[in-house]
Amino acid sequence: MSLLKLFVILSISGLFLVVGYGIFINLFDFLEINVTPLPFCPEISPLTVGIQPVKWQIQTWYSMMENQTELQPGGHYTPQNCKSRHRVAIIVPYRNRNAHLRIFLNNIHPFLQRQQLDYRIFIIQQLKTGPFNRGMLMNIGFTEAQRIYNFTCFIFHDVDLIPENDKNPYNCVDSPRHLSVAVDVFKYQLPFKNIFGGAIAMQADQFKSVNGFSNQFFGWGGEDDDLFNRVNKKMMSIFRYSEEISRYTMIKHVKQYPNPSRFKILKESNYEVDGLNSLNYKLDLIEERNLFTLVAVDLKPA
Ligand code: UDP
Ligand code: MN
């Protein structure tokens, strides 16, 4: 064999080797085969910094989206370098508060990412006019989120509450948790001991054991006190972190007209028959937007 022939044969087989190797590696990537599994994220995230000022500027949807390069469709995030210890669904009841929603998203996404959470934000929108039903929207959010993913923790969160301290962990513990302990409008103090509104966190089993929120509270007030009673009836206690950690700013808004029947409904409430097991709604749309998963519904009284 001439030297030239040998050279050609060697070059061709070398080329095959390189291309073959390339295909092999790409196949791994394509099939998303993890050669080395990610380690768990640390118990306490090294990325948190403490109290941060609220970002008040109302940005366009486009610029918010551009700032969130690591976000997956539907407002879903997972840390890239470690496996999160928590799979958290953030459930936000919503109607006609566009400016609040933008401020909320612009603040909450970086906040949650600094905590290295595997999370998704659900906006549960009540489409029709008529009294708003916060409790029912929370139940719908829980139900729809469970269809999508095996979440370990559910955070039921008003759209106008901005957490100030990223040391406030957005995860669940062995007791239902009240998150919004110290809100600026209440001079950063707990206004009363049994308060269970604003932002709370519950594991799926805790929420199921109380049959979720009552569906009976149309208009402002009562559903949060009722959830407190449910948790109490199930002999669970409510857990709170310190006021220093649990600090929130509430975006200012006009006070809703309180439901005058709320005390009567509260008194007559029966968690066994009113809640997740009596929930009735029409799902108009579930859609993965860039910054959140939208669940738009019509409510039907049970
Ligand atoms: N909400 C809404 N649109 C409304 C009424 C209420 O989106 O028209 C949602 C929103 O998430 C809000 C929460 O329900 O933060 C609680 O209502 P609101 O803030 O009026 O209650 P308050 O702060 O007076 O307790
Ligand atoms: Mn509010």
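Residues numbered from 1 in each chain as written. Chains lettered and ligands numbered in written order. Predicted model: local features only at pLDDT ≥ 70, side-chain atom pairs only at ≥ 80, totals over all residues. Heavy atoms only, no water.

K.L.:
Explain the coordination of the manganese ion (ligand 2) residue by residue, including any values.
P.N.:
Taken together, Asp-160 (OD) and His-253 (NE2) make up the protein donors of the manganese ion (ligand 2), found 2.0 to 2.3 Å from the metal. With Asp-160 in the loop between strand 4 (153-157) and strand 5 (161-163) and His-253 in the loop between strand 9 (247-250) and helix 7 (262-268), this pair connects stretches of sequence that are 93 residues apart. Overall, the relative accessible area of 33% leaves His-253 in the partly exposed class. (Donors = N, O, S within 2.8 Å, 3.2 Å for Na, K, Ca; no water. Helix = DSSP H or I, 4+ residues; strand = E, 2+ residues; numbered from the N terminus. Buried < 20%, exposed > 50% of the residue type's maximum accessible area, 1.4 Å probe, protein only.)

K.L.:
An account of the environment of Asp-298 is requested, with residue identities and associated values reported.
P.N.:
Within the fold, Asp-298 resides in strand 11 (residues 293-299). For Asp-298, a relative accessible area of 11% corresponds to the buried category. Between the C-alpha atoms of Asp-298 and Leu-285, which are 13 residues apart in sequence, the distance is 10.0 Å. With residues near it in sequence (within four places) discarded, Asp-298 still touches Leu-127, Lys-128, Tyr-281, Lys-282 and Asp-284. (Contact = heavy atoms within 4.5 Å.)

K.L.:
Just give me the short version of the state of the cysteines, but keep the residues and values in it.
P.N.:
Applying the stated criterion across every chain, the model contains two disulfides. Shown here is the disulfide that connects Cys-41 with Cys-82, its sulfur atoms set 2.0 Å apart. With the S-S bond torsion at 90°, the cross-link from Cys-41 to Cys-82 turns out right-handed. Of this pair, Cys-41 sits in the loop between helix 1 (3-30) and helix 2 (61-67) while Cys-82 sits in the loop between strand 1 (76-77) and strand 2 (87-94), and the two are 41 residues apart along the sequence. Assessed through its relative accessible area of 8%, Cys-82 is described here as buried. Indicated for the protein chain is the disulfide connectivity 1-2, 3-4, based on numbering the bonded cysteines in sequence order. (Disulfide = S-S within 2.5 Å.)

K.L.:
Could you give an account of the site of ligand 1, naming the residues involved and the relevant values?
P.N.:
Lining the immediate surroundings of ligand 1 are 13 residues, of which Pro-93, Arg-95, Arg-97, Asp-160 and Gln-256 lie closest. In the environment of ligand 1, an oxygen atom lies 3.1 Å from a nitrogen or oxygen atom belonging to the side chain of Trp-220. At 2.8 Å, a side-chain N or O of Gln-256 approaches an oxygen atom of ligand 1. In the complex, the protein chains occlude 86% of the 510 Å² of accessible area that ligand 1 would expose alone. (Near = heavy atom within 4 Å. Polar contact = N/O pair within 3.5 Å; in protein donor to acceptor, adjacent residues only side chain to side chain. Areas by Shrake-Rupley, 256 points an atom, 1.4 Å probe, with all protein chains shown as cover.)

K.L.:
Tell me what's going on with the side chain of Gln-116, and back it up with residues and numbers.
P.N.:
With respect to the secondary-structure elements, Gln-116 resides in the loop between helix 3 (98-114) and strand 3 (118-126). Given the relative accessible area of 12%, Gln-116 is considered buried. For Gln-116, the contacting residues outside a window of four places in its chain are Cys-41, Pro-42, Ser-45, Pro-46, Leu-47, Pro-79, Cys-82 and Ser-84.

K.L.:
How would you summarise the pairing of strand 3 if you had to cite specific residues and measurements?
P.N.:
With eight of its nine residues buried, strand 3 lies for the most part within the structure. Where strand 1 meets strand 3, two bridges bridge the pair, whose relative direction is antiparallel. The residue bridging Tyr-77 from the neighbouring strand is Tyr-119, located in strand 3. With eight bridges joining them, strand 2 and strand 3 adopt parallel strand pairing. Across the sheet, the residue bridging to Ala-89 is Arg-120, located in strand 3. Bridge analysis of strand 3 against strand 11 gives five bridges, and the strand direction is parallel. Paired with Ile-123 across the bridge in strand 11 is Leu-294. (Pairing = 2+ DSSP bridges.)

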